[in-house]
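# Examining the three-dimensional arrangement
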Amino acid sequence: MTEADGSDPVRILVLAPFPLNDEQLALRAAQLEAAPLPERVVVDFKPTKAAPANYVSHHDYVLADISMLESGLSAEADGYDAVCIDTVSDSAVSALRSMLDIPVIGPGRTQYAVASMLGRQFGIVTMWRQWFPIYSRVLNEIGLADRCAGIRSIDVAPDNRTLMAGKDHAFPLLIEASKALIEDGADVICLGSTTMHEAHRHLQDHLPVPVINPGPLSYFIAEALVALGLTHSRRSFPRSLAPKPDMIAAMLDAANSAETAATHPAETSS
Amino acid sequence: MSRVLILVPFAIDAAGVERRAEQQREVSLRNDVTYEYRTVRAGPTSFVSPHDWLLLDLAILDAGLGAQAEGFDAVVIDTVSDSGADALRSMLDIPVIAPGRASLIFSLTLGRRFGVLAQWEPALARYEKVLDDWGLRDRCAGLEHFDTPPDFDTLLDGKEGAIIPRMEAACRRLVARGADVICLGSTTMHQAHSHLASVLDVPVVNPGPLSYKLVETLLALGLTHSRSAYPLPQQPKPAMVTAMFDAAAEHERADAPGGNDV
């Protein structure tokens, strides 16, 4: 069977982890330009209704999980064939898998798995060290921690809305950090954030080892899972005995209102 | 258009190759990637001992050594043993897909623990080696076999009714041992995949079709294996490898094929 035989379209929903305007969402959708997907694949990007300011504490992790869960909860009913999470933290992957039968792809676990197929060990290069815990969480969860040769940061505060804009000075630092990882034994470099996709081409052109671009990889793996009829194991991600989608929706509506009130107090106090 | 070479680990005839090629029709594939099959020229007859494993490593190396020069864009090894994959990676820049390690590692993205369905008891040693080599033992719920000598040529043809229920029973034993995902222990089990996937309540990874989707992904993203993990030899000896297999093929020419792979 090939596409030419009239395969059905594959609809992928990518969950962006913040409330973003169209321009900010477009910067994330630019990941689609990294490599052409098969023609039958349709990808939509969706922002969350609310979010933590960034991903540096356990407070942030649980807020990220709940906001991404809400954002993806209706994906299957909306006709999507797979969900990709647009953050290497793999936020909400487990919760969404417990609620959805369609594949839910975490780019963190996916890139560590693929890196393990391409070399003995991989390294993770990232923007700032505040993100280190999100890597160890996923590595431990999928049992590939001992394949990680190291994690290195360039200590440049990221901007999850404008991404790498105005951060050209980061590129040489990323090269330097990646070379240190290679020195430490990394055979493959993984990017510590999907938002670093704008640096991927530069890194691949200047490093002697494969560099994985986690967002685009996740779209290809989503299509592969749909084509193979594979999804996550229900035994690993059991259903809730009492799902509460309406409560979750109400929580995020309330979170959105609270954020709006905080951002625009004059509008909501009148 | 990309060209992929699939290396078949036994010297089987066209009909046997066609039975392996059926795997292509079990999954939706891109129409800008074409696949060609090539069998090894000689090799082991059984696949149960280090003697056999070593011969197959060399046989696959011989069969794939010229792939890049011939214009292929990637190589897929059609055996979960991943025989010859490391040696080929050390000689080729194009991606070389090893479905064994790929399916076990990939299964970790789908569930906590995998179980491996093996053909028969003598095949178990090879999986034990893979689990150790790849450090995956603590994520493996177990190995179970269905006690049936393999037929690498005819696969399950004409024997489905007798064999598939035994495969299903072995899979259910793996689930009872805690497997959240089943990995088929051989690309030759592909004929049973749709039945097993439909009756089991855990994902069943079909290693051949998975390897085709991975090759598409690596080609599209411009990824290949790391040269630092698979260094080039300082002194490649392709002519020596070719000469060894000219001799091996000559030696085997009179013999009827027979044997079994993983």
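Residues numbered from 1 in each chain as written. Chains lettered and ligands numbered in written order. Predicted model: local features only at pLDDT ≥ 70, side-chain atom pairs only at ≥ 80, totals over all residues. Heavy atoms only, no water.

## So, the overall build of chain B
Counted only if it meets this: Where helices and strands are cited, they refer to DSSP runs of H or I of at least four residues and of E of at least two residues respectively, numbered from the N terminus. Radius of gyration here uses only the C-alpha atoms, and the compact-globule reference equals 2.2 Å multiplied by the residue count raised to the power 0.38. Exposed residues in this analysis have more than 50% of their type's maximum accessible area, buried residues have under 20%, and partly exposed residues fall in between, with area computed by a 1.4 Å probe over protein chains only. Here a residue-residue contact requires only that any non-hydrogen atoms of the pair lie within 4.5 Å. To be clear on the numbers: accessible area is Shrake-Rupley with a 1.4 Å probe, and residue cover counts the displayed protein chains and nothing else. The positive count covers Lys and Arg only, the negative count covers Asp and Glu only, and His and the chain ends enter neither. A charged residue contributes its charge at one atom only: NZ of Lys, CZ of Arg, CG of Asp or CD of Glu.
Along the backbone of chain B there are nine helices and eight strands. Rg of the C-alpha trace for chain B: 18 Å, near the compact-globule value of 18 Å for 262 residues, within the 12% margin. Expressed along its principal axes, the backbone C-alpha trace of chain B runs to roughly 50 × 45 × 35 Å. Relative to its full complement of 262 residues, chain B shows a buried share of 59%. Long-range pairs, those at least 24 residues apart, make up 75% of the contacts in chain B with a sequence separation of at least 6. Roughly 9700 Å² of accessible area belongs to chain B as shown, and the carbon and sulfur atoms make up 54% of that amount. When the 24 basic and 35 acidic side-chain charges of chain B are each reduced to a single mean position, those positions are 5 Å apart.

## A few points about the pairing of strand 2 (residues 33–39) of chain B
All names here are of chain B. Selection rule: Note: two strands are recorded as paired if DSSP finds a minimum of 2 bridges between them. Here the term right-handed applies to a crossover when the path leading from its first strand over the helix to its second strand runs clockwise, the strands being oriented away from the viewer.
Bridge count for strand 1 (residues 2–8) against strand 2 is seven bridges, and the pairing is parallel. From the neighbouring strand, Val-4 faces strand 2, where its bridge partner is Tyr-35. A crossover links strand 1 with its parallel partner strand 2, the connecting element being helix 1 (residues 14–21), and its sense is right-handed.

## Considering helix 5 (residues 132–142) of chain A
Residues and elements named next belong to chain A. Quick reminder of the rule: Throughout, the arc means the angular range of directions from the helix axis out to the C-beta atoms.
What helix 5 keeps buried is the set Ile-134, Tyr-135, Val-138, Leu-139 and Ile-142. Along the long axis of helix 5, the arc covered by the buried residues comes to 125 degrees, so they all point the same way. Gly-143 occupies a position one or two residues after helix 5 and carries a positive phi of about 75 degrees.

## Some points on unusual backbone geometry
Backbone geometry places Asp90(A), a non-glycine residue, at a positive phi of 55 degrees. Along the polypeptide, Asp90(A) turns up in the loop between strand 3 (82–85) and helix 3 (93–99). Asp90(A) gets classed as buried once you look at its relative accessible area, which sits at 5%. Even without glycine at this site, Asp147(B) takes up a positive phi of about 55 degrees.

## Description of the interface of chain B and chain A
Cut-off, in case you're wondering: Accessible area that two parts lose when put together, evaluated with a 1.4 Å probe and summed over both, is termed the buried area. For this document, the term salt bridge refers to a Lys or Arg side-chain nitrogen within 4 Å of an Asp or Glu carboxyl oxygen. For this analysis, a polar contact is any N or O atom pair within 3.5 Å, provided that within protein one partner can donate a hydrogen and the other can accept it, and provided that sequence-adjacent residues contribute only side-chain to side-chain pairs. When residue character is reported, Ala, Val, Leu, Ile, Met, Phe, Trp, Tyr, Cys and Pro are called nonpolar, Asp, Glu, Lys and Arg charged, and the others, Gly included, polar.
On the chain A side, the residues contacting the 47 residues of chain B number 50 residues. Taken together, both faces of the contact between chain B and chain A bury some 3900 Å²; the carbon and sulfur share is 60%. At the surface where chain B touches chain A, the tally comes to two salt bridges. Between Asp180(B) and Arg235(A) there is a salt bridge, and its shortest N-O distance comes to 3.2 Å. One can count 20 residue pairs in polar contact (both at pLDDT 80 or more) joining chain B with chain A. Contributions of two or more residues to the side of chain B that touches chain A are made by helix 4 (99–107), strand 8 (204–205) and helix 8 (207–221) of chain B. Element by element, the count of residues in the side of chain B that touches chain A is highest for helix 8 of chain B, at nine residues. Of the residues contributing to the side of chain B that touches chain A, the split by class is 25 nonpolar, 12 polar and 10 charged.

## Quick look at the confidence of the model for chain B
Operational definition: The predictor attaches a confidence to each residue, called pLDDT, with possible values from 0 through 100.
Of the residues in chain B, 97% have a pLDDT of 70 or more, and the chain-wide mean is 91. Interface confidence in the predicted complex, given as ipTM, is 0.80; pTM for the same model is 0.87.

## Re the nonpolar core
Note the threshold: In this description, a nonpolar core means a group of buried Ala, Val, Leu, Ile, Met, Phe, Trp, Tyr and Cys residues linked to one another through side-chain atoms lying within 4.5 Å.
In terms of nonpolar packing, the biggest core is built from 109 residues, with Ile12(A), Tyr112(A), Phe122(A), Phe114(B) and Leu136(B) touching the most fellow members. Here this core takes eight residues from helix 8 (residues 214–228) of chain A, the largest share from any one element. One finds Leu7(B), Leu65(B), Ala67(B) and Ala98(B) within the second-largest nonpolar core, a separate group that totals 24 residues.

## Digging into the packing of aromatic side chains
The line we're drawing: Here a Phe, Tyr or Trp ring, Trp counted by its six-membered ring, pairs with any other such ring whose centre lies within 6.5 Å, and the pair is stacked when the planes are under 30 degrees apart, edge-to-face when over 60, and tilted otherwise. By definition here, charges over rings are those cases where NZ of Lys or CZ of Arg is within 6 Å of the ring centre and within 35 degrees of the ring normal.
According to the stated counting rule, one finds five aromatic pairs over all chains in the structure shown. Ring centres of Tyr112(A) and Phe122(A) lie 5.3 Å apart, and the angle between their planes is 10 degrees; this geometry places the pair in the stacked category. Separated by 10 residues along the polypeptide, Tyr112(A) in helix 4 (residues 107–118) and Phe122(A) in strand 5 (residues 122–126) bring together distant segments of the chain. When sorted by exposure, Tyr112(A) lands in the same class as Phe122(A), which is buried. The ring of Trp53(B) carries Arg126(B) above its face, with NZ or CZ at 5.1 Å from the centroid.

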